[in-house]
Amino acid sequence: MKVFLPINIRIDHKKLLFIGGGSQAIHKITTLEQYTRNITILAPEIHQDLKGKGFTEVYKEYEKSDLAGYFLVYASTGNIGIDRRVRDDAESLGILVNVVDNRELSGFISPAVLKNDEMSIAISSNGKNAKKSVAWRNRLREMVENGDF
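Residues numbered from 1 in each chain as written. Predicted model: local features only at pLDDT ≥ 70, side-chain atom pairs only at ≥ 80, totals over all residues. Heavy atoms only, no water.

Peer 1: Which residues make up the overall build of the protein chain, and what are the values?
Peer 2: On a plain count of helices and strands, the protein chain comes out with three helices and seven strands. Element order for the protein chain, N to C, with α for helix and β for strand: β-α-β-β-β-α-β-β-β-α. Its C-alpha atoms give the protein chain a radius of gyration of 16 Å, within 12% of the compact-globule value 15 Å for 149 residues. Overall size of the protein chain, expressed as C-alpha extent along the three principal axes, is 50 × 40 × 25 Å. Looking at the protein chain residue by residue over its 149 residues, the buried ones come to 36%. Across the protein chain, contacts joining residues at least 24 apart in sequence account for 48% of those joining residues at least 6 apart. Total accessible area on the protein chain is roughly 9000 Å²; 51% of this is exposed by carbon and sulfur atoms. Across the protein chain, the centroid of the 21 positively charged side chains sits 4 Å from that of the 19 negatively charged ones. (Helix = DSSP H or I, 4+ residues; strand = E, 2+ residues; numbered from the N terminus. Rg over C-alpha atoms; globule rule 2.2 N^0.38 Å. Buried < 20%, exposed > 50% of the residue type's maximum accessible area, 1.4 Å probe, protein only. Contact = heavy atoms within 4.5 Å. Areas by Shrake-Rupley, 256 points an atom, 1.4 Å probe, with all protein chains shown as cover. Lys, Arg positive; Asp, Glu negative; His and termini not counted. Charge placed at Lys NZ, Arg CZ, Asp CG, Glu CD.)

Peer 1: I'd like a rundown of the pattern of salt bridges, residues and numbers included.
Peer 2: Following the criterion strictly, the structure yields eight salt bridges and no others. Linking Arg10 and Asp12 is a salt bridge whose minimum nitrogen-to-oxygen distance equals 2.7 Å. Of the residues examined, Asp12 reaches a relative accessible area of 35% and is grouped as partly exposed. For the salt bridge of Asp66 with Lys60, the shortest nitrogen-to-oxygen distance reads 2.9 Å. On the accessibility criterion, Asp66 (15% relative accessible area) is buried. (Salt bridge = Lys/Arg side-chain N within 4 Å of Asp/Glu carboxyl O.)

Peer 1: Summarise the packing of aromatic side chains; cite the residues concerned and give the values.
Peer 2: The final tally for this structure, using the stated rule, is two aromatic pairs. Geometrically, the ring pair formed by Phe18 and Tyr74 is stacked, given 4.4 Å between the ring centres and 0° between the ring planes. Taken together, the positions of Phe18 in strand β1 (residues 16-19) and Tyr74 in strand β4 (residues 72-75) put the pair 56 residues apart, joining distant regions of the chain. The class of Tyr74 is buried, set by a relative accessible area of 2%. Plain terms: the ring middles of Tyr74 and Phe108 are 5.3 Å apart, the flat faces sit at 85° to each other, and that makes the pair edge-to-face. Within this pair, whereas Tyr74 is found in strand β4, its partner Phe108 is found in the loop between β5 (96-99) and β6 (112-116), the two being separated by 34 residues in sequence. (Phe/Tyr/Trp six-rings, centres within 6.5 Å; stacked < 30°, edge-to-face > 60°.)

Peer 1: I'd like a description of the pairing of β6, backed by residues and values.
Peer 2: Put simply, side chains in a regular strand alternate between the two faces of the sheet. Sheet topology note: the β6/strand β7 (residues 119-123) ladder contains five bridges and is antiparallel. Each bridged residue has a counterpart across the sheet, and for Lys115 the counterpart in β7 is Ser120. Linkage of β6 to β7, two consecutive antiparallel strands, is achieved through a turn of two residues, within which Asp117 is found at a positive phi near 55°. (Pairing = 2+ DSSP bridges.)

Peer 1: I'd like a rundown of a nonpolar patch on the surface, residues and numbers included.
Peer 2: A surface patch of nonpolar side chains, about 390 Å² in accessible area, is lined by Leu5, Ile7, Ile9 and Leu96. Mapped onto the fold, Leu96 is located in strand β5. Accessibility expressed as a relative area gives 37% for Leu96, which makes it partly exposed. (Patch = residues over 30% accessible without salt bridge, like charges linked within 9 Å, V, L, I, M, F, W, Y side chains within 5 Å.)

Peer 1: I'd like a rundown of the sheet that holds β1, residues and numbers included.
Peer 2: Overall, parallel pairing links the five strands, which are arranged β3-β2-β1-β4-β5 in an open sheet. The sheet is open, and its two edges are formed by β3 (56-58) and β5, each paired on a single side. For this sheet, the mean angle separating the axes of adjacent strands, direction not counted, is 20°. Where β1 meets β4, four bridges bridge the pair, whose relative direction is parallel. Within β4, the position partnered with Ile19 by the bridge is Ala75. With respect to the sheet, helix α1 (residues 23-32) is in contact with β1, β2 (39-42), β4 and β5, its orientation differing from that of β1 by roughly 165°. Contacting β1, β4 and β5, helix α2 (residues 80-92) runs over the sheet at an angle of about 170° to β5. (Axes fitted to C-alpha atoms, helices over the stretch in contact; angles between N-to-C directions.)

Nothing here speaks to function; it is geometry throughout.
Following this line, the structure appears as structure tokens:
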């Protein structure tokens, strides 16, 4: 059984890499961009919604050498074979890796996040029920917006 410890990781001045530039990457980057712009997206094609946002864009197929110098890696290609290879390569280099939407292959998972100024609330189901985590986050967002908090 996979067990994940909720922690906050300092990422200022750290490089984050997304292998894959499609819808899976969009979802994760939407949360991450609240905390950093130091994101590189590496993919043969990058979704229009990710272009021109200040991220580094690298248009190519993935190779293990692409991982050099990164602190966190997200495998978000939607191709389990490539995502598994990214995971194996990252782990062999001691780099934390998240295989998006696959908790069994991930070394870390990302919670549903509510950020308001300097305050952040993270809701996690240990990677088992993302919809419930998002529902809880959205309920808390309503409470904050209504001044009930």
